[in-house]
Amino acid sequence: MTSNESNFRLLPALDRVLQAEALQPQIDSVGLNVVKQQARAQLQALRAAIANGEEDALDWIGSEQFLAEFCQAIANKVQASISDSLVPVINLTGTVIHTNLGRSKLPAEAVAAIELAATQATNLEFDLDSGARGDRDSHLEGLLCELTGAEAATVVNNNAAAVLLVLNTLAAVGEVLISRGELVEIGGAFRIPDVMKSAGCTLIEVGTTNRTHLADYEKQITEATALLMKVHTSNFEIRGFTKSVSEQDMASLAEARGIPFVSDLGSGTLIDLKPLGLPYEPTVRQVLEAGADLVTFSGDKLLGGPQAGLIVGSRDFIQRVKSNPLKRALRVDKITLAGLVEVLKLYLDPDRLLQRLPLLRDLTRDVAEIEGLANALLPQFEERLAGRAEVEVRACKSQIGSGALPLELLDSFALVLTPIAAKGETDASLLRLAAAFRQLPKPVIGRIHDGSLYFDLRCLGDSEELLGQLASLEV
Ligand SMILES: *Cc1c(COP(=O)(O)O)cnc(C)c1O
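First things first, this report covers the structure right here in the doc. (Residues numbered from 1 in each chain as written. Predicted model: local features only at pLDDT ≥ 70, side-chain atom pairs only at ≥ 80, totals over all residues. Heavy atoms only, no water.)

## A look at the sheet that holds strand β8 (residues 261-266)
The strands making up a sheet associate through backbone hydrogen bonding, with each pair oriented either parallel or antiparallel.
Okay, so step 1: With mixed pairing, seven strands are arranged side by side in an open sheet as β2-β10-β9-β8-β7-β3-β6. Each having just a single partner strand, β2 (152-156) and β6 (202-206) make up the two edges of the open sheet. In this sheet, adjacent strand axes meet at a mean angle of 25° when their direction is disregarded.
Okay, so step 2: The strands touched by helix α8 (residues 138-148) are β2, β9 (294-298) and β10 (309-313); relative to β2, the strand with the most contacts, the crossing angle is about 120°.
Okay, so step 3: Helix α12 (residues 247-257) contacts β7 (225-231) and β8 of the sheet and is inclined by roughly 175° relative to β7. (Pairing = 2+ DSSP bridges. Helix = DSSP H or I, 4+ residues; strand = E, 2+ residues; numbered from the N terminus. Axes fitted to C-alpha atoms, helices over the stretch in contact; angles between N-to-C directions. Contact = heavy atoms within 4.5 Å.)

## Focus: the nonpolar core
Okay, so step 1: With 56 residues, the main nonpolar core has Val295, Phe297, Val312, Leu344, Tyr347 and Leu363 as its most contacted residues.
Okay, so step 2: Sorting elements by how many residues they give to this core places helix α16 (residues 334-347) first, with seven residues.
Okay, so step 3: A domain-level breakdown of this core finds at least three residues from each of domain 2 (90-98 + 362-472) and domain 3 (108-356).
Okay, so step 4: In this structure Tyr347 touches Leu147, Leu270, Ile271, Leu302, Leu303, Leu353, Leu357 and Leu360, once residues within four positions along its chain are discounted.
Okay, so step 5: Counting residues in hydrophobic clusters, the runner-up holds 31 residues, among them Leu164, Ala171, Met196 and Leu330. (Core = buried A, V, L, I, M, F, W, Y, C linked by side-chain atoms within 4.5 Å. Buried < 20%, exposed > 50% of the residue type's maximum accessible area, 1.4 Å probe, protein only. Domains from an automatic or database assignment.)

## A few points about the site of the ligand
Okay, so step 1: Near the ligand you find 13 residues, and of these Ala160, Ser234, Asp264, Ser298 and Lys301 are the closest.
Okay, so step 2: Side-chain polar atom of Ser298 to an oxygen atom of the ligand: 2.5 Å apart, as the coordinates give it.
Okay, so step 3: Side-chain polar atom of Lys301 to an oxygen atom of the ligand: 2.9 Å apart, as the coordinates give it.
Okay, so step 4: When isolated, the ligand has an accessible area of 380 Å², and the protein chains bury 93% of it.
Okay, so step 5: Those elements that place two or more of their residues in the shell around the ligand are α9 (159-171) and β8. (Near = heavy atom within 4 Å. Polar contact = N/O pair within 3.5 Å; in protein donor to acceptor, adjacent residues only side chain to side chain. Areas by Shrake-Rupley, 256 points an atom, 1.4 Å probe, with all protein chains shown as cover.)

## Topic: the pattern of salt bridges
Okay, so step 1: Taken as a whole and assessed by the stated rule, the structure comprises 22 salt bridges.
Okay, so step 2: Between Arg16 and Glu64 there is a salt bridge, and its shortest N-O distance comes to 2.7 Å. Taken together, the residues Arg16 in helix α2 (residues 14-19) and Glu64 in helix α6 (residues 64-82) connect sequence positions 48 residues apart.
Okay, so step 3: In this structure, Asp137 and Lys322 form a salt bridge, with 3.4 Å as the shortest nitrogen-oxygen distance. Pair noted here: Asp137 is in the loop between α7 (108-119) and α8 and Lys322 is in helix α14 (residues 315-323), with a separation of 185 residues, a long-range link.
Okay, so step 4: The exposure class assigned to Asp137 is buried, which follows from its relative accessible area of 1%.
Okay, so step 5: Taken together, the shared-partner salt bridges in this structure form one network comprising Asp135, Asp137, Glu141, Lys322 and Lys327. (Salt bridge = Lys/Arg side-chain N within 4 Å of Asp/Glu carboxyl O.)

## So, the packing of α9 against α14
Okay, so step 1: Axis separation between α9 and α14 bottoms out at 9 Å; the angle between their running directions is 100°. The orientation of α9 relative to α14 falls into the category roughly perpendicular. From α9, Leu165, Val166, Thr169 and Leu170 reach across to α14, where they touch Phe317, Arg320 and Val321.
Okay, so step 2: Residues of the contact of α9 with α14, tallied by class, amount to five nonpolar, one polar and one charged. (Parallel < 35°, antiparallel > 145°, perpendicular 65-115°, else oblique. Nonpolar A, V, L, I, M, F, W, Y, C, P; charged D, E, K, R; others polar.)

## Examining the packing of aromatic side chains
Remark: the centre distance and the inter-plane angle together describe each pair of aromatic rings, the angle taken between the planes.
Okay, so step 1: Evaluated as defined, the whole model comprises four aromatic pairs.
Okay, so step 2: For the pair Phe66 and Phe70, a centre-to-centre distance of 5.5 Å together with 20° between the ring planes defines the contact as stacked. Taken together, the residues span about one helical turn, with Phe66 and Phe70 both in helix α6 at a distance of four residues.
Okay, so step 3: Pairing Phe381 with Phe437 gives two aromatic rings, centres 6.2 Å apart and planes at 5°, and the pair type is stacked. Of this pair, Phe381 sits in helix α19 (residues 367-384) while Phe437 is found in helix α20 (residues 426-438), placing the two residues 56 residues apart along the sequence. This pair shows no difference in class: Phe381 is buried, exactly as Phe437 is.
Okay, so step 4: Through pairs of rings, three or more aromatic residues link up here, namely Phe381, Phe437 and Phe455.
Okay, so step 5: Directly above the aromatic system of Phe8 lies the positively charged group of Arg47, at a separation of 4.9 Å from the ring centroid. (Phe/Tyr/Trp six-rings, centres within 6.5 Å; stacked < 30°, edge-to-face > 60°. Lys NZ or Arg CZ within 6 Å of the ring centre and 35° of its normal.)

In structure tokens:
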């Protein structure tokens, strides 16, 4: 017998490992298979270490104490392998509708409806009066029409899908006229020219980047023109010597030439934001009244609902959109639908909307309240970070985000953390500080600006939860 073979005999048997006390809770929670797999992998690693002569304390391997520690290591591996990947975080970036952090938080009403739809059979596509097959859009079409003045409405997975579907339906083999100033990239690979190509349309650029006139559209209209389109420039703004054509003028031209006119609003809002102290955005109703045949907008930007793409407008065009086979591929599921309906219902009662819709609550949060919150949190941050970082309360600006009203900033307050570090070390210590907050049980995400870590408190819900975590901060 070689010495390796005799050494392998010291390895605990798989069965013995699986009977160890330390692993029983794991087996109960995730099942024998997962634990067995992990135990096998650990035994194999140990065997390889022995074979390579890397394991010198061989006597130790045979001991009870070793077995206990070995099993604990397996338990830790199992825990790590099943720990959640998608977790809640605390968004202190100052960007309210943050695409990378999941955009809108849903109101309680929507969450309750989602739970019902998720756990029970529903009349999703079933007409309770006739007992015949129904239409899933029927659950929100009436609401959307009431809130926007549209004749008809439908909904798909997100606004990118809505734009794709509308283009493919109305202009699959035709030309789409769009202003050069509106050929935007929204982020996350959504570029208007690429979407046009995917939809099968030919893009015809009209005017120049900074100025486009009605006559520019007129000049380009030919037999092949299938659609006039206007796209909200969302995440950028051209300033200075600019000119764009109003929805009204585009709609009149389109109507005179018998061509449909579509406006992609991107964010899209159902209510006038001005009285809430927010910047002006045309509402979906206004754009329809200006004469757009179809309007597309997102469910999870300014609307404050679940991810969805809403299409509203004339009955005829909506019918064509709904008959496109792509609609079936892009349709929303029952869970989104249930949440969206509840969010739309909140809009029927504008007086209470601000209290009930988390997005609007965050966007309209009183700046004095945010300042008070920052001052209340300051002492505990100072204490926890003493010697590591200076902490102060500073006025800052929040962004609405997600391409909604990009240049408009909201007054807010932040806790500003500036690392105390040796010269040449400041960047590294700033990154380490930001990383330490991201490693907390509920990760805290701030924004690095001007050599400091900013925690804009506009979107902070539960301050006790934030403070409670400071003890586990590793700085
Ligand atoms: C955000 C945006 C989109 C894409 O909407 P999603 O809901 O993110 O798919 C399309 N067009 C405009 C103008 C946008 O701002």
